[in-house]
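So the chains spell out like this:
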Amino acid sequence: NVKMLMPEVHGLKHDEYLHHYVKTGESKIMGRGRQLRGRKSDGSTFAMFLSLSEARITEEEEVKHGNNITNNTNNGDGSEPTKRRSTTIFTGIIRDLSGEEEMRMRMEAMIESAVDPIVQIDQAGLIQMVNPACCSVFKYL
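Residues numbered from 1 in each chain as written. Predicted model: local features only at pLDDT ≥ 70, side-chain atom pairs only at ≥ 80, totals over all residues. Heavy atoms only, no water.

Q: Even after reading the chapter, I still don't get the overall build of the protein, so can you show me in this structure?
A: Looking only at helices and strands, the protein features 3 helices and 5 strands. A total of 141 residues make up the protein; the buried ones form 16% of that total. (Helix = DSSP H or I, 4+ residues; strand = E, 2+ residues; numbered from the N terminus. Buried < 20%, exposed > 50% of the residue type's maximum accessible area, 1.4 Å probe, protein only.)

This is the structure in structure tokens:
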């Protein structure tokens, strides 16, 4: 089962999430994507981006004489009726974000250990982040 690829907290709720989606059509991730943790075979976790999609596959089978043809479709062209069977499959595409996570952690460590003040602002000029050196220099301890 796909639960083996998830940390236990999500794996335990996977069937519940799937049942809810099939029953209501409401999903927090289907057709979108989400950054979360994946679980390796050794039990360790890693950062990943998961995109989920749903596909419905309809197969048609010829119905032979003598079989129950309830809920079968008459093609209207004189050919044998066909029986339609629909299957839903879910596809997950995983992108490993371990490299990006490692790079972010190194960058944060550099910012935290820098001796010079570092201030990050957004386009409106609002301060988004400062490092400890900035707090020390401007006496915001």
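And the narrative resumes.
Q: I keep staring at the environment of Asp 116 and nothing clicks. Help me out?
A: Tracing the chain through its elements places Asp 116 in the loop between helix H2 (98–113) and strand E4 (119–121). In sequence terms Asp 116 and Ala 133 are 17 residues apart; their C-alpha atoms lie 5.8 Å from each other. Residues in contact with Asp 116, not counting those within four places in the same chain, are Asn 131 and Ala 133. (Contact = heavy atoms within 4.5 Å.)

Q: Just to check I follow, could you spell out the packing of aromatic side chains for this structure?
A: The description of two aromatic rings rests on the distance between their centres and on the angle between their planes. Here the structure, examined in full by the defined rule, presents 1 aromatic pair. With 6.1 Å between their ring centres and 75 degrees between their planes, Tyr 21 and Phe 90 make a pair best called edge-to-face. Here the residue Tyr 21 occupies a position in helix H1 (residues 8–24), and Phe 90 occupies one in strand E3 (residues 82–96), the gap between them amounting to 69 residues. Overall, the relative accessible area of 15% leaves Tyr 21 in the buried class. A residue is classified by how much of its surface remains accessible, and Phe 90, at 33% relative accessible area, is partly exposed. (Phe/Tyr/Trp six-rings, centres within 6.5 Å; stacked < 30°, edge-to-face > 60°.)

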